[in-house]
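# Geometric and topological summary
Below, each chain spelled out in residue letters.
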Amino acid sequence: AVENFSKEELINEALQQNRELQLTRGTLAIKEIQRKASLADFFPSVNAAWVGTYSLTKPAGMGSTDRLSWTLALNLNIPIFDYSKFGALDEQKAAMKESELELKRIELSTKLAVRKAKREYFSAVLAVDNAKRQVDLAAEAVALSDAAYKNGAATFLNLTEAQRNYNSASIAYVTRTIQAQLSFITLKSALGRDVMTFVFE
C-alpha cells in the first residue's frame, strides 16, 4: 500500500516507472553514442595491411627458385578542416541539450504529480474517516430520537429530521469513498503502476 512508503520512495518509484522518462533516457543515450561517433571524424586513423606474395620464377622440377615475400602497408588518414563536420557536431550537441532539458522537465512534472496525487489521496482518506464518524453520530441521533419519540419526549418531526440527517451523512460517506478511490487511482497512475489491477480487484 502507498501509505507504507515515504514521499521520497514514491517519487523514486515514479521516476523509475515513468515510460516517457524511459523513452527520453533511451533517446538521450542514442544521441550520446552518435555524438561520440561524430568525434571520431576529427582524429587521425591508421590502417594496416599485411600482404604475402609467392612467386614461381622457373617451372617445377627444373631447379625452380620460388620466392615468398611479405609486405606491410600502413595508411595514415589525417582529416583536413571541414566546416560541415563542426556544424553537424554542433547540431548533435544542441539535440542532446534539448533532450536533457526535456528529461529534466518530465522529471519535475513527475515529482509534482506524485506530490499532488499523494496529498489529495491522503486528504480524501481523512475525508472518508470524517464522513464515517458523521454517519455514526447520525445513527446515534436516530436511535436517540426514536427512543424519545416512543417515550413521548420528541415529535415525529424530530425523528424525521434525524433520519434525514442520517441519509445525508450516508450519501456523503459514499461520495467521499468514491473520491478516495479515484484519488488512489490517480496516485497509482502518477507512480507508473498498472491502474487496471486496482480497477478489477
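An account of the accompanying structure is given in this report. These numbers were taken from a predicted model, which means no experiment stands behind them.

### Let's talk about the nonpolar core
Side chains that are nonpolar tend, in soluble globular proteins, to be buried together. One finds L21, V114, L187 and L191 to be the most contacted residues of the largest nonpolar core, which totals 16 residues. Counting only elements with at least two residues in this core, the list comes to α1 (7–17), α2 (19–39), α3 (83–150) and α4 (156–191). Dropping the residues within four chain positions of it, V114 is found in contact with L10, I11, A14, L187, A190 and L191.

### Side note on the environment of R35
Mapped onto the elements of the fold, R35 is located in helix α2. Separated by 53 residues in sequence, R35 and A88 have C-alpha atoms that sit 9.3 Å apart. Ignoring sequence-local partners within four residues, the contact set of R35 consists of L89, Q92, K93 and M96.

### Some remarks on the packing of α1 against α2
At a minimum axis distance of 5 Å, the contact between α1 and α2 shows a crossing angle of 55°. Between α1 and α2, the crossing angle belongs to the class labelled oblique. Mapping the contact onto sequence places L15, Q16 and Q17 in α1 and R19, L21, Q22 and R25 in α2. Across the contact of α1 with α2, the residue classes tally to two nonpolar, three polar and two charged.

### Things to note about the environment of A73
One can find A73 in strand β2 (residues 67–77). When the C-alpha atoms of A73 and A49 are compared, they prove to be 5.0 Å apart, with 24 residues separating the residues in sequence. Once residues lying within four places of it in the same chain are set aside, the contact partners of A73 are N47, A48 and A49.

### Describing α4
Since there are 3.6 residues in each turn of an α-helix, residues three or four apart along the chain are aligned in direction. The terminal C-alpha atoms of α4 lie 53 Å apart, and with 36 residues this matches the ideal 52 Å at 1.5 Å per residue to within 8%. Those residues of α4 lying buried are L159, A162, A169, A180, S183, F184, L187, K188, A190 and L191. Looking one or two residues past α4, G192 carries a phi angle of roughly 85°, positive in sign.

### Let's talk about the pattern of salt bridges
One side chain can pair with another of opposite charge once the charged atoms of both are near each other. Applying the stated criterion across every chain yields a total of five salt bridges. Note that R105 is salt-bridged to E102, the shortest N-O span being 2.7 Å. Here the residue R105 and the residue E102 both occupy positions in helix α3, the gap between them amounting to three residues, near one helical turn. Judged by relative accessible area, R105 falls into the partly exposed class, the value being 42%. Ionic pairing is found between D136 and K132, a salt bridge with its closest N-O pair at 3.0 Å. Here the residue D136 and the residue K132 both occupy positions in helix α3, the gap between them amounting to four residues, near one helical turn. Given the relative accessible area of 36%, D136 is considered partly exposed. With relative accessibility at 37%, the residue K132 sits in the partly exposed group. If you follow the salt bridges from partner to partner, you end up with E20, E102 and R105 in one network.

Calculation notes
- Residues numbered from 1 in each chain as written.
- Predicted model: local features only at pLDDT ≥ 70, side-chain atom pairs only at ≥ 80, totals over all residues.
- Heavy atoms only, no water.
- Core = buried A, V, L, I, M, F, W, Y, C linked by side-chain atoms within 4.5 Å.
- Buried < 20%, exposed > 50% of the residue type's maximum accessible area, 1.4 Å probe, protein only.
- Helix = DSSP H or I, 4+ residues; strand = E, 2+ residues; numbered from the N terminus.
- Contact = heavy atoms within 4.5 Å.
- Axes fitted to C-alpha atoms, helices over the stretch in contact; angles between N-to-C directions.
- Parallel < 35°, antiparallel > 145°, perpendicular 65-115°, else oblique.
- Nonpolar A, V, L, I, M, F, W, Y, C, P; charged D, E, K, R; others polar.
- Expected span 1.5 Å × (residues − 1).
- Salt bridge = Lys/Arg side-chain N within 4 Å of Asp/Glu carboxyl O.

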